[in-house]
Amino acid sequence: MSNQQANTPLFTTLLNHAKKQPVPFHIPGHKKGKGVDPEFRAFIGSAAFQIDLINISPLDDLHHPQATIQEAQELAAHLFHADHTFFSVQGTSTAIMTMILSICKPGDKIIVPRNIHKSVLSALILADAIPIFIQAEIDKELLISHNITTEQVEQTLKQHPDAKAILLIHPTYYGVVCNIVEVVKMAQQYHIPVLVDEAHGALFSFHKDLPISAMEAGADLAATSLHKLGGSLTQSSLLNLKQTRVNPQHVQSIFNMMTTTSTSYLLLASLDTQRRYLALYGRQSIDQTLQLAKYARDEINQIPGLYCPDEQLYEYHSVHQVDPTKLIIHLEQMEITGHEAEIWLRQKHRIEVELSDLHNILCIISIGDDQESINQLLFALRDLSSHFYQQSQNRVQHITIPDLPELVMSPREAFYHTQVRSLPLEQSIHYVSAESITIYPPGIPILLPGERITREHILYIKENLEAGLPVQGTLDPEVTTIRVIY
Ligand SMILES: Cc1ncc(COP(=O)(O)O)c(C=O)c1O
């Protein structure tokens, strides 16, 4: 590790600027926190306001980095095995949209797994790109989507040799990766770039027991959420680039179109300092995280009614590797849904899970965990089991994820269609949807604009609504109607 990684060019510049006690006549109007609500200031500390600054010239500009931001991005690029890194202050969603808009022009085809995050859909609409969907493999026991297989990719590339790019999810929200190295090789044969949604893979470069990172696998662009698992402040993220097929200046120009001109220096400083932390201590912190995750998984598998898979997932073709820090806790023989378990754990034990669905809860173990937090989780899960385990109960058979729907028109055409009307969910079957319906989290659309609505969709949406899961996306906030094209 080079000594350079111990430096924090941007954060240090901000600190030096604050030390000079400048008298600001520029935004933000709170002027070093003096105009801020006192309770809020006392809570987060007045120091934060000293560096809540804007792009005045000593501090460089994220839209045209030439000084400290450039240096900070270069250090990040080096650490993440990239040729260029762009800092995002608008989460990974903006990094994903930038990636796709940098590659796809109107009418271009892009190969994507169907279990995309909704930001991919936003980019498809903005770019007017045509998605060529691959249905991710469905786990029949957990009833979640895993990933796509190399065979599916090979077949799709043969059928669509004119596709302009392929997008991978690396890993899925539940921590599953496909064989990215093989997919990159295939894409290279077709001379097309591989774009990677690496929202949940920020730590992959730091430990051999985690899957390979997108950049190390040879991908061209990767949107990598440092804020999700890497420890930086929420909303701060990275877009990493390898310069083989993609022009960084073009990516910068698209990134500028998508990014606020009031970039948060608190978020940028968090990226700069967290990059240093990971460079210096990442490996050892992740060592401990992996040990804690293994301990938690082993213990959970002893709790009656709960099942926390790991090796078992490898039975699926699309599961090349799993991120062991993601604990999918399947409520195998419990008399409650995942969502009810989420609420119960919150109310009874102050445990906040990452997400729940009808059959599972997902807990992430991260570099911020310790033995105490793991023990609290285990205590709560044992209590959950003692209340809801039903040895003799037959498993309630829930409706499975609908098959790959027919894409009748491009998401953009459907989204901007003029002949649209709202129909009650039950009456919308066979129509083409003009909007998307998503459960967030995980934010994977059940229906996209342009897809034909089937009975399975409606049953699945209703089951999720009845279970109290956060179904959203329709103009109708209650999701009793959906806009369709007629
Ligand atoms: C797989 C995946 N991709 C992208 C995103 C978007 O990341 P962000 O919330 O940082 O915009 C998420 C967020 O949950 C995600 O789960």
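Residues numbered from 1 in each chain as written. Predicted model: local features only at pLDDT ≥ 70, side-chain atom pairs only at ≥ 80, totals over all residues. Heavy atoms only, no water.

Asker: Help me understand the domain arrangement of the protein in this model?
Answerer: Often, the extent of an interface is quoted as the loss of accessible area on bringing the components together. Under the domain assignment, the protein is made up of domain 1 (286-388) and domain 2 (411-485). When each unit is reduced to the centre of its C-alpha atoms, the spacing between domain 1 and domain 2 is 30 Å. Taken together, the contact pairs six residues of domain 1 with seven residues of domain 2. Here domain 1 packs against domain 2, burying approximately 560 Å² in sum over the two surfaces, 75% of which is carbon and sulfur. Counting the surface domain 1 buries against domain 2, the share from its top three residues, H339, L355 and L358, is 78%. (Domains from an automatic or database assignment. Contact = heavy atoms within 4.5 Å. Buried area = accessible area lost by both parts, 1.4 Å probe.)

Asker: What's the story with the sheet that holds strand β9 (residues 221-224) in this structure? I'm lost.
Answerer: Strand pairs in the sheet, formed through backbone hydrogen bonds, run parallel or antiparallel to each other. Strands sit in the order β1-β10-β9-β8-β6-β2-β3 across an open sheet of seven strands; the sheet is mixed. Unpaired on one side and paired on the other, β1 (84-88) and β3 (130-134) mark the two borders of the sheet. Each strand of the sheet is rotated relative to its neighbour by a mean of 20°, with strand direction disregarded. In this sheet, strand β10 (residues 237-241) lies alongside β9 in antiparallel orientation, the contact comprising four bridges. Bridged to A222 within β10 is N240. Its contacts with the sheet put helix α7 (residues 150-159) on β2 (109-113), β3 and β6 (165-169), and the angle it makes with β3 is roughly 145°. (Pairing = 2+ DSSP bridges. Helix = DSSP H or I, 4+ residues; strand = E, 2+ residues; numbered from the N terminus. Axes fitted to C-alpha atoms, helices over the stretch in contact; angles between N-to-C directions.)

Asker: Sorry if this is basic, but what is going on with the packing of helix α4 (residues 68-79) against helix α11 (residues 265-300) here?
Answerer: Any two packed helices are characterised by the angle at which their axes cross and by the distance between the axes. Direction vectors running N to C along α4 and α11 enclose 35°, while the axes themselves pass 10 Å from each other. As α4 runs across α11, the sense of the crossing is left-handed. On α11, the residues that touch I69, A72, L75, A76 and L79 of α4 are Y265, L268, D272, R275 and A279. When its residues are assigned to classes, the contact of α4 with α11 shows eight nonpolar, no polar and two charged. (Left-handed = near helix turned anticlockwise from the far one by under 90°. Nonpolar A, V, L, I, M, F, W, Y, C, P; charged D, E, K, R; others polar.)

Asker: Explanation requested: the pairing of β9 in the structure shown.
Answerer: Each regular strand carries side chains that alternate between the two faces of the sheet. Neither face of β9 is exposed, since L221 and A223 on one face and A222 and T224 on the opposite face are all buried. In terms of strand pairing, strand β8 (residues 194-198) meets β9 through four bridges, oriented parallel. The residue bridging E198 from the neighbouring strand is T224, located in β9. (Buried < 20%, exposed > 50% of the residue type's maximum accessible area, 1.4 Å probe, protein only.)

Asker: Explanation requested: the nonpolar core in the structure shown.
Answerer: In this structure, I100, I110, L167, L195 and L221 are the most contacted members of the largest nonpolar core, which totals 66 residues. For this core, the element with the highest residue contribution is α11, accounting for nine residues. C363, L377, L381 and F388 belong to the second-largest nonpolar core, a separate cluster that totals 27 residues. (Core = buried A, V, L, I, M, F, W, Y, C linked by side-chain atoms within 4.5 Å.)

Asker: What should I look at first to understand the site of the ligand in this one?
Answerer: Inspection of the region around the ligand gives 13 residues, with T92, S93, D197, H200 and H227 positioned closest. One of the side-chain N or O atoms of S93 is found 2.6 Å from an oxygen atom in the ligand. Calculation on the ligand without its partners gives an accessible area of 390 Å², and the protein chains cover 90% of this total. If you list the elements that add at least two residues to the shell around the ligand, you get α5 (91-103) and α9 (226-229). With four residues, the single largest contributor to the shell around the ligand is α5. Of the residues belonging to the shell around the ligand, the class tally is four nonpolar, seven polar and two charged. (Near = heavy atom within 4 Å. Polar contact = N/O pair within 3.5 Å; in protein donor to acceptor, adjacent residues only side chain to side chain. Areas by Shrake-Rupley, 256 points an atom, 1.4 Å probe, with all protein chains shown as cover.)

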